[in-house]
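Residue-level listing of the chains:
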Amino acid sequence: MSISREEMIELDRNAIENYGIRSIVLMENAAMGVFNEVKDYNSFTIICGSGNNGGDGLALGRHLLLNKKDVDIFIIEGRQSNEFTENLEILKKLTKNIYYINKKEDLDNLVNSLEINEISIDCIFGTGLSRNISGIYKDVINCINQHSNYTIAIDIPSGLDANSGDILGIMVKSDETITIHDIKHGLLKNDFVGKIKEVYVGIPKI
């Protein structure tokens, strides 16, 4: 069984508006679910967009740091969601290994981190993406695909259309996808998503 982008959006909306479960609570639950799947590794490069998928990555980074893991956080600069900003302010108090990417010159540190660390975590885009990827985002994904030792995507690999499975210009080629709540249709229609796992985040059924 799998669900569409629209069904996932409605499930999120229902949880927040009808049940009063705050978005940041769902984000924390997602981060803990992913943490339990990856905690046996020791070093991580987490690449975040500035929306809620990126917020999942920041919250995950916090839990990894609190458990004495080596973590580098890379943020592709953009308009931040409220939940992203809240998690970032907490993370700043735990580590100085936060790096910002807005131009090609910023990619050198990313390449070094990808090559050194065991695991790369893709938290750039979530299920809402429906446009082709270009610019610095394309450059970052190229770096991940070329230099990562082992790539885990959170929810869906960035650049994958959540419904059709089409590649939106470029996508992260993941070894593993840890998807939130339920498998998205597109994950079953693409060969570059790796092993798929689901994590429970406490979203009520409609």
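Residues numbered from 1 in each chain as written. Predicted model: local features only at pLDDT ≥ 70, side-chain atom pairs only at ≥ 80, totals over all residues. Heavy atoms only, no water.

### Digging into the pairing of strand β4 (residues 119-123)
For β4, the tally of buried residues reaches five of five residues, placing the bulk of the element in the interior. A two-sided burial pattern is seen for β4, the buried positions comprising I119, I121 and C123 on one face and S120 and D122 on the other. Sheet topology note: the strand β1 (residues 43-48)/β4 ladder contains five bridges and is parallel. Looking across to β4, one finds that T45 is bridged to S120. Summarising the sheet, β4 and strand β5 (residues 151-154) pair through three bridges and their orientation is parallel. Of the residues in β5, the one forming a bridge with I121 is I152. Crossover connection from β4 via helix α6 (residues 135-147) to parallel β5: handedness right-handed. (Buried < 20%, exposed > 50% of the residue type's maximum accessible area, 1.4 Å probe, protein only. Helix = DSSP H or I, 4+ residues; strand = E, 2+ residues; numbered from the N terminus. Pairing = 2+ DSSP bridges. Right-handed = clockwise from strand over helix to strand, strands pointing away.)

### Brief notes about the UniProt feature "domain: YjeF N-terminal" (unreviewed entry) in the chain
Feature annotation in UniProt assigns "domain: YjeF N-terminal" (unreviewed entry) to the following positions: residues 8-206. In residues 8-206, the share of helix is 38% and the share of strand is 18%. The end C-alpha atoms are 11 Å apart. (UniProt positions renumbered as here; feature names shortened; annotations may be inferred.)

### Things to note about the packing of aromatic side chains
Taken as a whole, this structure holds three aromatic pairs when the rule is applied. Where F74 meets Y99, the ring centres are 5.0 Å apart and the plane angle is 25 degrees; that geometry is what we call stacked. Here F74 is found in strand β2 (residues 70-76), whereas its partner Y99 is found in strand β3 (residues 98-101), with 25 residues between them in sequence. With a relative accessible area of 1%, F74 lands in the buried category. What makes Y99 partly exposed here is its relative accessible area of 27%. Over the aromatic face of F192 sits the side chain of K173, whose NZ or CZ is 4.9 Å from the ring centroid. (Phe/Tyr/Trp six-rings, centres within 6.5 Å; stacked < 30°, edge-to-face > 60°. Lys NZ or Arg CZ within 6 Å of the ring centre and 35° of its normal.)

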